[in-house]
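# Topology and contacts: notes
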Amino acid sequence: MTSYFRPIIRTGSPRSKNSIFLAETKYWISEAEEMKVGETAKLISINDVPDWWKNRWLKKRSDILGMEFGFPKLMGILNVTPDSFSDGGQHVKLDAALNQAKFMEENGVDIIDIGGESTRPGALTVPILEEIKRIEPVIKGIAARSKIPISIDTRKAEVASAARRAGASMVNDVSGFTFDPNLLLYCSKYKLPVCVMHMQGSPENMQNDPKYENILIEVFDFLENQIKMLVEAGISKDHIIADVGIGFGKNLGHNLTLIKNISLFHGLGVPLLLGVSRKSIISNVSKVEKLTDRVHGSISIAIGALGQGVQLFRVHDVAETKQAFDLWVAVNFGE
């Protein structure tokens with residue numbers, strides 16, 4: 001039966017003599033959790049992990065769009081939609097969107113992710129021309145005055161094409177390249193870095209009683225298969241980021257399990273992105289209903305994932321998250 005290995009990530013000292021470093025960072029690993037479908041997980045020594053699996057942990061994650069993943073990076077969320085779950089309608093007007101982008105850049109964001117189609121639970125698909133109409137002027141405006149990398153949050157090749165021409169340089173596909181087969185071909189043709197995410201179902205139905213036999217292994221296998229597909233299509237593995245898709249076809253238990261065990265996904269051999277900012281998992285646990293009051297919960301989860309070596313975080317509250325991360329890095333990696 002196939003084994004999966006979740007590295008137990010640690011920082012600081014004293015460090016075990018038989019430990020290895022995660023992706024040439026200051027995180028280290030001396031033990032792992034071995035998982036098999038239908039069996040109880042067990043703790044094992046790093047010496048008992050197969051070399052090919054350890055090599056995925058050891059390999060340095062390549063820089064993407066100038067982002068070096070030895071320290072955490074922030075992807076700022078900029079939704080130019082009327083109906084996104086947290087900030088829908090706030091940045092529909094061009095000036096408001098450009099001002100928000102400027103604010104995020106001034107407060108330490110590393111990349112801005114622009115979306116013109118809400119993918120909240122129950123959201124309907126937006127027509128291609130409408131999505132382009134929303135994102136194109138914003139990307140052009142940001143690119144005209146800044147060198148900040150821009151990612152386009154879309155499932156559609158035609159939208160990605162318009163975004164690239166306007167100044168975007170990365171594609172973030174919440175469908176994991178299952179919605180539009182032409183998007184994979186487009187990203188390969190233009191050598192665009194991509195983020196591949198796991199989602200069960202579609203935004204319209206993804207929260208209608210999602211089910212898994214083993215959430216960790218099923219999400220891992222999906223992402224590994226999609227990464228293989230992307231590489232076979234001509235996209236370098238060094239240009240791929242993976243996202244477990246918190247809140248996309250998962251209930252509260254699924255989401256908590258993924259977050260608790262997110263270090264498993266270092267076994268994919270690519271940088272990991274976590275997007276949990278202001279999501280319903282926070283209100284489901286803490287009973288905080290007001291979306292803008294979910295910043296504390298968002299940062300709490302992010303800090304936990306940072307401790308497991310996650311490299312990229314998609315957030316609304318850039319300044320607050322950066323402050324928390326700066327302190328965490330100083331305490332755990334400071335000399």
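Up top you'll find the structure we're talking about.
On to the pattern of salt bridges. If the charged atoms of two oppositely charged side chains come close together, the side chains can form a pair. Using the criterion set out here, one finds 17 salt bridges in the structure. Two residues, Lys54 and Asp51, come together in a salt bridge whose shortest N-O distance is 3.5 Å. With Lys54 and Asp51 both in helix H1 (residues 51–58), this residue pair falls 3 residues apart, about one helical turn. Accessibility expressed as a relative area gives 14% for Lys54, which makes it buried. Each of Glu117, Glu131, Arg155 and Lys156 takes part in salt bridges that share partners, so that together they form one network.

The buried fraction of strand S3 (residues 28–35) amounts to 7 of the 8 residues, a majority that puts the element mostly inside the structure. Inspection of the sheet shows strand S1 (residues 4–10) paired to S3 by 6 bridges, in the antiparallel sense. If you follow Tyr4 over to S3, its bridge partner there is Met35. Pairing of strand S2 (residues 20–21) with S3, which is carried by 2 bridges, proceeds in the antiparallel orientation. Bridge pairing in S3 places Ile20 opposite Ile29. What sits between S2 and S3 in their antiparallel hairpin is a turn of 6 residues, with Ala23 showing a positive phi close to 50°.

Each value, and the rule that gives it
- Residues numbered from 1 in each chain as written.
- Predicted model: local features only at pLDDT ≥ 70, side-chain atom pairs only at ≥ 80, totals over all residues.
- Heavy atoms only, no water.
- Salt bridge = Lys/Arg side-chain N within 4 Å of Asp/Glu carboxyl O.
- Helix = DSSP H or I, 4+ residues; strand = E, 2+ residues; numbered from the N terminus.
- Buried < 20%, exposed > 50% of the residue type's maximum accessible area, 1.4 Å probe, protein only.
- Pairing = 2+ DSSP bridges.

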